[in-house]
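# Coordinate inspection notes
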Amino acid sequence: MTGRPDLRQLLRGIDVFAGELPAFDPMTTPGDPVELFTEWLLDAVRAGVREPHAVSLATVDAVGDPTARVLILKDVTDWGFQFASDAGGAKGQDLGARPYAALTFYWAPLARQVRVRGPVECEPPEICAADFLARGIEARAESLLGRQSQPLTSLAERDAAVEESLARLEEEPDLVSPSWTVYTVRPESVEFWQGDSRRRHTRLVYRSSADGWAKHMLWP
Ligand SMILES: Cc1cc2nc3c(=O)[nH]c(=O)nc-3n(C[C@H](O)[C@H](O)[C@H](O)COP(=O)(O)O)c2cc1C
């Protein structure tokens, strides 16, 4: 016997969807999913969710193998859901090969999930540069290295490279990483999922069509 905890037991004992949760009436929802998404995001901000703008981004590579990782939502525009990253990293390469993605938000205190799917487009260089320049100096110093997802031999190597990059930025504060990219997921579908302690979860999916958005409920 090792000192390893009984994970199966532990996991089974963790309560899900406990406490008071918001009501969700799909019949009174707006016609545009971005409107509802904005309401839910603001609810998450008000509920004090830590990093309410953190979202899981799933992509596939050239042979169809999936990868998901968490990143930060930068904006939601009329075009779609925006995030930013290094085009040379793993997700950038995935999106270069297959520009299609899924985003999943989860706001635990509200038991709310939002799932977005759609094709992905790169924003023009001026938008990417503006996003890069709006970031803090530490973030810019790191991104300027353009080495995201490459193997690293030691933390000291990382720290030295970042220090060098910081010094470059002190000299030239307008430097922009050429590979920093703002991506927009143009939603084809947006699903809203409200959890319920009695497991009567409510699902509402919006699907884009030639006539605009159509919405319907799904069995949980
Ligand atoms: C809360 C959180 C926010 C993050 N935000 C970003 C982000 O905005 N852009 C980004 O490229 N990586 C972000 N990351 C790091 C990614 O999860 C990931 O490690 C990195 O982008 C490399 O992913 P890839 O190798 O699949 O390309 C964030 C991670 C966490 C946990």
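Just above, that's the structure.
Before going into details, it helps to say that this report is about the structure given with it. Just so it is clear, the structure is predicted and the values come from calculations on it, not from any experiment. (Residues numbered from 1 in each chain as written. Predicted model: local features only at pLDDT ≥ 70, side-chain atom pairs only at ≥ 80, totals over all residues.)

## Things to note about the overall build of the chain
- Scanning the chain from terminus to terminus reveals six helices and nine strands.
- C-alpha atoms of the chain, sized along the principal axes, occupy 60 × 55 × 40 Å.
- Across the chain, the fraction of contacts at a sequence separation of at least 24, relative to all contacts at a separation of at least 6, is 64%. (Helix = DSSP H or I, 4+ residues; strand = E, 2+ residues; numbered from the N terminus. Contact = placed C-beta atoms within 7 Å.)

## Re helix 5 (residues 137-144)
- Along helix 5, the positions that sit buried rather than exposed are R140, A141, E142, S143 and L144.
- On the buried face of helix 5, the contacting elements are strand 3 (81-86), helix 4 (125-133), helix 6 (155-171) and strand 6 (180-185).
- Once helix 5 finishes, G146 follows within two positions and takes phi at roughly 60°, a positive value. (Buried ≥ 20, exposed ≤ 12 C-beta atoms within 10 Å, placed from the backbone.)

## Let's talk about the pairing of strand 8 (residues 202-209)
- Across six bridges, the pairing between strand 7 (residues 189-194) and strand 8 is antiparallel. The residue bridging E191 from the neighbouring strand is V205, located in strand 8.
- Direction of pairing for strand 8 relative to strand 9 (residues 212-218): antiparallel, over a ladder of seven bridges. Bridge assignment links Y206 to a residue of strand 9, and that residue is K215.
- Between strand 8 and strand 9, which pair antiparallel one after the other, the connecting turn spans two residues. (Pairing = 2+ DSSP bridges.)

## Here we look at the site of the ligand
- Taken together, 15 residues form the shell around the ligand, and within it L71, S85, A90, K91 and S149 come nearest.
- Breaking the shell around the ligand down by element, the ones donating at least two residues are strand 2 (66-76), strand 3 and helix 3 (90-97).
- A per-element tally of the shell around the ligand places strand 2 first, with five residues. (Near = placed C-beta within 6 Å.)

## Details of the pairing of strand 5 (residues 112-122)
- Where strand 4 (residues 100-107) lies against strand 5, eight bridges are found, and the strand directions are antiparallel. Considered in strand 5, the bridge of A102 is made with R117.
- Between the antiparallel neighbours strand 4 and strand 5 lie four residues, among them A111 with a positive phi of about 50°.
- One ladder, built from six bridges, connects strand 5 with strand 7; its direction is antiparallel. Bridge pairing links V114 to F192 in strand 7.
- The sheet contact formed by strand 5 and strand 6 spans three bridges and is antiparallel. Note on strand 6: the bridge partner recorded for C122 is Y183.

## Considerations on the packing of helix 5 against helix 6
- Contact geometry of helix 5 with helix 6 gives a least axis separation of 8 Å together with a crossing angle of 115°. Between helix 5 and helix 6, the interaxial angle falls into the category roughly perpendicular. Judged by the twist between their axes, the crossing of helix 5 over helix 6 is right-handed. In contact with I137, R140, A141, E142 and L144 of helix 5, helix 6 contributes V162, S165, L166, R168 and L169. (Axes fitted to C-alpha atoms, helices over the stretch in contact; angles between N-to-C directions. Parallel < 35°, antiparallel > 145°, perpendicular 65-115°, else oblique. Left-handed = near helix turned anticlockwise from the far one by under 90°.)

## Section: helix 6
- End to end, helix 6 covers 25 Å across 17 residues, agreeing with the expected 24 Å (1.5 Å per residue, within 8%).
- Among the 17 residues that make up helix 6, one are buried, leaving the element largely open to the surroundings. (Expected span 1.5 Å × (residues − 1).)

## Some details on unusual backbone geometry
- Even without being glycine, E51 reaches a positive phi, approximately 45°.
- Structurally, E51 is set in the loop between helix 2 (33-46) and strand 1 (54-60).
- In this structure, A111 is a non-glycine residue whose phi angle is positive, near 50°.
- You can call A111 buried: it has 20 C-beta atoms within 10 Å.

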